[in-house]
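Secondary and tertiary structure notes
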Amino acid sequence: MVTAPLLDARTAAEGVVDPEMPMLTLADLGVLRGVDTAGDGTVVVTITPTYSGCPALDEMRADLRRKLHAAGHERVEVRTTFSPPWSTDWISDAGRRKLAEAGVAPPDRLGPRPAGGPVPLTLVAPSRAVACPRCGAPDTEETSRFGPTACTALRRCRSCAEPFEHVKEI
Amino acid sequence: MHSHDDTNPAEHDDNVYDALATADDDGRWAFGTGFDAGTAEIDAPAPEGVDRDDLAAYCLMLADDALIASQRLAGWTAKAPELEEDVALANIALDLLGQARVLLSRAGHLGAAEPFRAGPWDAQRSGAGRLRQDDEDVLTYFRDDRAFRNVTLVETDLGDFGRTIAWILLLSSWRLALMQRLTASRDPVIAAVAGKAVKELTYHRDYAAQWTLRLGDGTELSHARMQAGLDAVWPFVEELFLPHDVERRLADVGVAVDPAELRAEVDAVLEQVLPVATLTRPERPAVGLVGGQRHRRSWGGRDGVHTESLGTVLAVMQSLARAHPEATW
């Protein structure tokens with residue numbers, strides 16, 4: 001027996017949250033590449049990982065399947081694509097706002113990167129102006145380039161002394 | 001990939017273990033996480049005019065470099081000098097593992113895993129209807145040392161933190177130069193992995209370069225240990241630039257890169273970093289390469305000829321999966 005879906009597939013898929021940064025939906029994070037319905041009614045969702053080894057990918061797949069089943073879509077296929085590679089520029093404006101509200105400094109927008117030629121090595125860590133998401137002070141320092149998840153770095157505010165996470169630009 | 005139709009853990013706030021206990025009916029193999037199914041690029045055919053076995057072998061080379069390096073780095077977990085470094089090394093290991101998994105799946109799609117499914121540990125032989133292990137898992141857990149194609153640098157003992165930093169500096173400088181060129185590979189999987197890897201490796205190289213400066217231009221002791229670390233890994237560097245026949249053939253058809261092309265770029269990084277770090281570029285002969293044969297590979301990991309260190313790495317990585325070949329959870 002076929003019943004009408006409770007929620008259209010795109011809306012359901014867009015509402016799934018990131019397992020490691022649950023203040024963001026997969027749409028906010030920019031990892032949702034497509035939601036299509038195949039000829040036989042199967043919902044095909046395409047996602048892309050943030051980092052090659054992102055351990056959250058399996059959870060995202062499971063969550064998408066659960067959410068879509070709950071929304072009345074019986075046949076769901078989650079596909080992964082790597083190209084074009086995700087970058088932090090894919091995080092939406094709404095996503096950046098939600099990160100800041102949750103105390104996580106959003107990444108800068110890098111814009112298009114020049115193609116070709118060796119990737120330059122900078123021996124001095126680029127001093128990005130990352131404002132403290134808690135007190136707003138501009139004077140913050142990086143304590144570790146690598147944080148609790150693949151996509152975050154650790155920083156500390158020199159003004160309010162609070163540590164915070166920063167979604168690092170890639 | 002096995003379906004995962006448990007209820008939402010968020011609805012079980014009272015006891016998170018409920019969510020685990022109600023997981024799949026069909027069980028997951030304890031050592032695998034399932035990746036190859038449902039990945040768009042992996043199923044693509046080999047590009048026209050490209051030998052399928054060569055392409056599989058090349059994917060294994062790129063995958064094994066990352067897999068074994070990742071396993072080595074994971075050995076630092078919970079042992080690094082500071083918590084931040086522990087997290088950093090584990091992050092680098094995770095990025096490399098991610099690169100390896102896609103490439104192993106690609107190699108498996110091209111047939112590389114089939115010869116290794118027939119071992120006594122193969123789950124399919126003993127139980128009807130048991131899980132079919134994914135290609136990436138078969139290639140990781142059930143190949144013996146001679147079947148691994150990684151360069152020997154990645155299997156070497158990481159020693160102390162100084163040697164580890166020298167190892168990451170050389171490995172990431174080389175792999176970054178390689179991956180940047182491979183973004184133009186005619187193989188869609190290699191190109192896609194490279195596109196992500198370039199961003200990740202840029203962070204790895206920055207991390208290593210900054211620690212090289214701090215240790216090299218630090219105290220007398222840190223300088224001595226950083227120099228000793230660089231000296232220790234140096235004999236394994238020459239191999240990075242020696243092309244294997246598979247690499248040469250695939251470079252000719254626009255899939256691979258001849259690693260000899262990478263030397264200048266790696267040298268430029270070293271010339272930038274070492275003087276500022278007050279370190280001396282070592283002058284030590286390459287391991288296993290006979291003098292006068294510098295342009296001919298007589299020995300090396302790409303041919304499956306490894307140092308004894310690989311045995312240690314594989315023992316740690318594979319023994320549990322082999323001891324419990326049908327374990328599920």
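Below you will find a few notes about this structure. What you see is a predicted model; the values in this text were computed from it and never measured. (Residues numbered from 1 in each chain as written. Chains lettered and ligands numbered in written order. Predicted model: local features only at pLDDT ≥ 70, side-chain atom pairs only at ≥ 80, totals over all residues. Heavy atoms only, no water.)

1. With respect to the overall build of chain A
Convention followed: Strands are runs of DSSP state E lasting at least two residues, helices are runs of H or I lasting at least four, and both sets are numbered from the N terminus onward. The buried label goes to any residue with under 20% of its type's maximum accessible area, the exposed label to any with over 50%, and the partly exposed label to all in between, with areas taken from a 1.4 Å probe on protein chains only. Using a 1.4 Å probe, accessible areas were evaluated by the Shrake-Rupley method; residue-level cover was limited to the displayed protein chains.
The secondary structure content of chain A amounts to 4 helices and 7 strands. Element order for chain A, N to C, with α for helix and β for strand: α-α-β-β-α-β-α-β-β-β-β. Counting across all 170 residues of chain A, residues that qualify as buried make up 48%. Accessible area of chain A: about 7800 Å², with a carbon and sulfur share of 55%.

2. Details of the nonpolar core
Keep this limit in mind: What makes a nonpolar core is a set of buried Ala, Val, Leu, Ile, Met, Phe, Trp, Tyr and Cys residues whose side-chain atoms join them at distances within 4.5 Å. Source of the domain bounds: an automatic or database domain assignment. In what follows, a contact means two residues having at least one pair of non-hydrogen atoms within 4.5 Å.
Core analysis: the biggest nonpolar cluster contains 129 residues, and Tyr58, Leu73, Trp167, Trp174, Leu182, Ile190 and Tyr207 of chain B have the highest contact counts within it. When residues of this core are sorted by domain, at least three fall in each of domain 1 (9-80) and domain 2 (127-170) of chain A. Dropping the residues within four chain positions of it, Trp174 of chain B is found in contact with Asp65, Val151, Leu240, Phe241, Leu262, Val266 and Arg302 of chain B. With 6 residues, the next largest nonpolar core counts Ala105, Cys132, Cys157 and Phe164 of chain A among its residues.

3. Observations regarding the interface of chain A and chain B
Interface size is commonly expressed as the accessible area that is lost once the parts come together. What counts, and what does not: As a working definition, buried area equals the accessible area (1.4 Å probe) given up by two parts on being put together, with both sides summed. The term salt bridge refers to a side-chain nitrogen of Lys or Arg lying within 4 Å of a carboxyl oxygen of Asp or Glu.
Taken together, the contacts link 44 residues of chain A with 49 residues of chain B. Surface buried jointly by chain A and chain B totals about 3800 Å² across both partners, of which 57% is contributed by carbon and sulfur atoms. For the interface between chain A and chain B, the tally reads 2 salt bridges. Asp206 of chain B is the salt-bridge partner of Arg145 of chain A, the closest N and O atoms lying 3.8 Å from each other. Looking at the side of chain A that touches chain B, the elements that each hand over two or more residues are helix H3 (57-70), strand E3 (76-80) and strand E5 (140-144) of chain A.

4. Notes on helix H11 (residues 309-323) of chain B
Residues and elements named next belong to chain B. Quick note on the threshold: How far a helix is expected to stretch is found by multiplying one less than its residue total by 1.5 Å. What is called the bend at a residue is the angle between a pair of axes, fitted to the seven residues leading up to and ending at it and to the seven starting from it.
Compared with the 21 Å implied by 1.5 Å per residue over 15 residues, the 21 Å span of H11 between its first and last C-alpha is a close match. Largest kink in H11: about 40°, centred on Met317. Restricting attention to buried positions, one finds in H11 the residues Ser309, Leu310, Val313, Leu314, Met317, Gln318 and Ala321. Packing partners of the buried residues in H11 comprise helix H2 (52-74) and helix H5 (135-141).

5. Structural notes on the sheet that holds E3 of chain A
All names here are of chain A. Let me state the cut-off plainly: Whether two strands pair depends on DSSP finding at least two bridges between them. Between N-to-C directions, angles span 0 to 180 degrees; the directions come from axes that are lines fitted to C-alpha atoms, helices contributing only their stretch in contact.
Strand order in this open sheet of 3 strands is E1-E2-E3, and the pairing throughout is mixed. Looking along the sheet, the strands with just one partner apiece sit at the ends: strand E1 (32-37) and E3. Neighbour-to-neighbour, the strand axes of this sheet turn through a mean angle of 15°, independent of strand direction. Here E1 runs beside strand E2 (residues 43-47); their pairing, made up of 5 bridges, is antiparallel. Within the sheet, the bridge partner assigned to Gly34 lies in E2 and is Thr46. Sheet strands touched by H3: E2 and E3. Its angle to E3, the strand with the most contacts, is close to 155°.

6. Observations concerning the environment of Arg109 of chain A
All names here are of chain A. We count it as follows: Polar contacts, as counted here, are pairs of nitrogen or oxygen atoms within 3.5 Å of one another; within protein the pair requires one atom able to donate a hydrogen and one able to accept it, and residues that are adjacent in sequence qualify only if both atoms are side-chain atoms.
Position of Arg109 among the secondary structure elements: in the loop between strand E4 (104-105) and E5. Apart from the residues within four sequence positions on either side, Arg109 is in contact with Asp89, Ile91, Ser92, Asp93 and Arg96. A polar side-chain atom of Arg109 sits 3.1 Å from the main-chain carbonyl oxygen of Asp89. Polar side-chain contacts of Arg109 include one of 2.7 Å to the side chain of Asp93.

7. Concerning the packing of aromatic side chains
Working definition: an aromatic ring pair is given by the centre-to-centre distance plus the angle between the planes. To keep things clear, this is the line we draw: Each Phe, Tyr or Trp ring (for Trp, its six-membered ring) is paired with any other whose centre lies within 6.5 Å, and the angle between the two planes then decides the class: stacked below 30 degrees, edge-to-face above 60, tilted in between.
All told, the structure shown has 4 aromatic pairs over all chains when counted by the stated rule. Judged by centre distance (5.7 Å) and plane angle (85°), the rings of Phe146 of chain A and Tyr207 of chain B are edge-to-face. Linking Phe146 of chain A in the loop between E5 and strand E6 (152-157) with Tyr207 of chain B in helix H7 (residues 188-216), this pair reaches from one chain into another. Per residue, the accessibility class of Phe146 of chain A equals that of Tyr207 of chain B, and both read buried.

8. Brief notes about the sheet that holds E4 of chain A
Residue and element names in this part refer to chain A. As summarised here, the arrangement of the 4 strands in space is E4-E7-E6-E5, forming an open sheet in which the pairing is mixed. The outermost strands of the open sheet, each flanked by one partner alone, are E4 and E5. Pairing of E6 with strand E7 (residues 163-167), which is carried by 5 bridges, proceeds in the antiparallel orientation. Considered in E7, the bridge of Leu154 is made with Glu165.

9. Topic: the side chain of Thr80 of chain A
If you trace the backbone, Thr80 of chain A turns up in strand E3. Of note is the side chain of Thr80 of chain A, whose polar atom sits 3.0 Å from the side chain of Arg61 of chain A.

10. Some details on the side chain of Glu247 of chain B
Residue and element names in this part refer to chain B. Checked against the element boundaries, Glu247 lands in helix H9 (residues 245-252). Residue Glu247 is classed as buried on the basis of its relative accessible area of 4%. Separated by 3.4 Å, the side chains of Glu247 and Arg302 make a polar contact. Each residue touching Glu247, except ones within four places of it in the same chain, is listed here: Tyr58, Met61, Leu242, Ala256, Val257, Pro259 and Arg302.

11. Concerning the packing of H2 of chain B against H9 of chain B
All names here are of chain B. What counts is decided by this rule: Roughly parallel covers angles under 35 degrees, roughly antiparallel covers those over 145, roughly perpendicular covers 65 to 115, and oblique covers all other angles. Here a crossing is taken to be left-handed if its near helix is turned anticlockwise relative to the far helix by less than a right angle, and right-handed if that turn runs clockwise. Residues are sorted three ways: Asp, Glu, Lys and Arg are charged, Ala, Val, Leu, Ile, Met, Phe, Trp, Tyr, Cys and Pro are nonpolar, and all the rest, Gly among them, are polar.
For the pair H2 and H9, interaxial distance at closest approach is 10 Å and the crossing angle is 115°. Between H2 and H9, the interaxial angle falls into the category roughly perpendicular. The crossing of H2 and H9 is left-handed. Facing H2, whose interface residues are Asp54, Leu55, Ala57, Tyr58 and Met61, H9 presents Val246, Glu247, Arg249 and Leu250. Within the contact of H2 with H9, the residues separate by chemical class into 6 nonpolar, no polar and 3 charged.

12. Considering the packing of helix H3 (residues 83-109) of chain B against H7 of chain B
All names here are of chain B. Two numbers describe how H3 lies on H7: the axes approach to 10 Å, and their chain directions differ by 160°. By the angle class used here, H3 and H7 are roughly antiparallel. Here H3 runs over H7; the crossing is left-handed. Together, Glu85, Ala88, Leu89, Ile92, Asp95, Leu96, Gln99, Val102, Leu103 and Arg106 of H3 and Pro188, Val189, Ile190, Val193, Ala197, Glu200, Leu201, His204, Tyr207 and Trp211 of H7 make up the contact between the two elements. Its residues assigned to classes, the contact of H3 with H7 comprises 14 nonpolar, 2 polar and 4 charged.

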